[in-house]
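Coordinate analysis (summary)
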Amino acid sequence: MEPGKDIIVNSWAEVQSALFDHSWNENIKRFRSSHVYRGSWSKEYDLSTSLTRLGSRYYELEPHILRNFRKYAHSNSAPGDSVWNWLAVAQHHGLPTRLLDWTYSPYVALHFATQNLSSYHEDGAIWCVDYVKANDFLPLKLQTAIKEEGSNVFTPEILQPVCSSLKELALLQNKEYVVFLEPPSLDARIVHQYALFSLMSTAQANMSQWLEQHPELYFRVIIPAGLKWEIRDKLDQANITERVLFPGLQGLSQWLKRHYTHE
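Since this is a predicted model, take the numbers as computed values, not measurements. All residue numbers refer to position in the chain's written sequence, counted from 1. Only residues with pLDDT of at least 70 get local features here, since the model is predicted, and only at 80 or more are side-chain atom pairs given and counted; chain-wide, interface and lining totals rely on the full set of residues. For side-chain calculations, the full set of non-hydrogen atoms in the structure is used, while hydrogens and water are omitted.

A word on the packing of helix H2 (residues 58-72) against helix H3 (residues 83-92)
Put simply, the rule reads: In this description, a line fitted to the C-alpha atoms serves as the axis of each element, helices being fitted only across the stretch in contact, and the angle between N-to-C directions of two axes falls anywhere from 0 to 180 degrees. Elements are defined by DSSP. Helices are runs of H or I of four residues or more, strands are runs of E of two residues or more, and each kind is numbered from the N terminus. Just so you know how the angles are binned, under 35 degrees is roughly parallel, over 145 roughly antiparallel, 65 to 115 roughly perpendicular, and the rest oblique. Residues are treated as being in contact if the distance between any of their heavy atoms lies within 4.5 Å. For this classification, Asp, Glu, Lys and Arg are treated as charged, while Ala, Val, Leu, Ile, Met, Phe, Trp, Tyr, Cys and Pro are nonpolar and the rest, including Gly, are polar.
As a packed pair, H2 and H3 sit with axes 11 Å apart at the nearest point and diverge in direction by 90°. By the criterion of interaxial angle, the relationship of H2 to H3 is roughly perpendicular. Two secondary-structure elements touch here, H2 through Leu66, Phe69 and Arg70 and H3 through Val83, Trp86, Leu87, Val89 and Ala90. The residue makeup of the contact of H2 with H3, split by class, is seven nonpolar, no polar and one charged.

Encoded structure:
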């Protein structure tokens, strides 16, 4: 798979090839991908965060939004008081943050690329990023911490002792970088979606632009509009649905609504 390239697929078989052919790990002789995935309804969408949609001065609002979220949320809303736990909780509940949602599962990413029926007239995309190689661009302090832990991604417990604030994250290194963060298992949705987050070292950094500077770290799989229904039906058959990924009555209702909608 050529890095930094858009791979246009034209069949279900080509989708499987594009999403799984890179997963062989020679070091352990197993099919263990070093990529994470993000599904997008439209190939035109970049990796802008929800925080950027607050207006031109969004980066100045970030600490105030998070501070007030912590102030008004219930004391037991976050498993631990680190900013990284609170950020994960805030993102999970829809607060605008600099975090982006990713998944280890290509099929979960395909679900989100084909979930919105109103977008079936346009091509979707799956962003595929090598989160292991991305660690090469971390500040030395963070690289050391993650290597000592024997992990390829951070958790709040790993990150907090070496970096305790968003301000400190920016000061660790002048060059922009990305951190991949596994959230606590806040509820079944996090677990079922095989989820993790990314965050850039500053609120103003755009991950799409950063990846363009490091094309060896990513590629995109383009899902043509005409292929979305086939993918959607086969995902449903494989039980990759809202009923599973969003446990509860809301997810059940969303699945039934889509299941009984026809062109």
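Focus: the environment of Ile158
Under the convention used in this document: Only protein chains enter the accessibility calculation, which uses a 1.4 Å probe; a residue whose area is less than 20% of its type maximum is buried, one above 50% is exposed, and one in between is partly exposed.
Here Ile158 shows up in helix H7 (residues 156-159). Residue classification places Ile158 among the buried positions, given a relative accessible area of 12%. When the C-alpha atoms of Ile158 and Ser48 are compared, they prove to be 26 Å apart, with 110 residues separating the residues in sequence. In contact with Ile158, other than residues within four places in its own chain, are Ala145, Glu149, Ser151 and Val153.

A look at the nonpolar core
In plain terms, the rule: Within this scheme, the nonpolar core is defined by two criteria: the residues are buried Ala, Val, Leu, Ile, Met, Phe, Trp, Tyr or Cys, and they are joined through side-chain atoms within 4.5 Å.
In this structure, Trp84, Leu142, Phe154, Leu159, Leu169, Val179 and Leu199 are the most contacted members of the largest nonpolar core, which totals 27 residues. Mapped by element, the contributors of at least two residues to this core are H2, H3, helix H6 (140-149), H7, helix H8 (166-171), strand E7 (178-181) and strand E8 (195-200). The leading source of residues in this core is H3, at seven residues. Aside from chain neighbours lying at most four places away, what touches Phe154 is Leu138, Leu142, Ile146, Leu159, Val179, Phe180, Leu181 and Glu182.

Digging into H2
Residues lying three or four places apart along an α-helix face the same way, a consequence of the helix completing one turn every 3.6 residues. Just so we agree on the cut-off: Expected span of a helix: the number of residues minus one, times 1.5 Å. The directions from the helix axis to the C-beta atoms are what the arc is built from.
If you check H2, its first and last C-alpha atoms are 21 Å apart, about what 15 residues at 1.5 Å a residue would give, namely 21 Å. Taken residue by residue, H2 has Tyr58, Glu62, Leu66 and Phe69 as its buried positions. The buried side chains of H2 occupy one side of the element, clustering within an arc of 85° when seen end-on. When the buried face of H2 is taken as reference, the exposed residues oriented beyond 90 degrees from it are Lys71 and Tyr72.

Observations regarding helix H13 (residues 249-259)
Residues Gly251, Trp255 and Arg258 constitute the buried set of H13. Across the axial projection of H13, the buried residues extend over an arc of 70°, all falling on one side. Every exposed residue of H13 that faces more than 90 degrees away from the buried side is listed here: Leu249, Gln250 and Lys257. Residues of H13 that are buried sit in contact with helix H11 (228-237) and helix H12 (242-245).

Geometry only, nothing functional implied.
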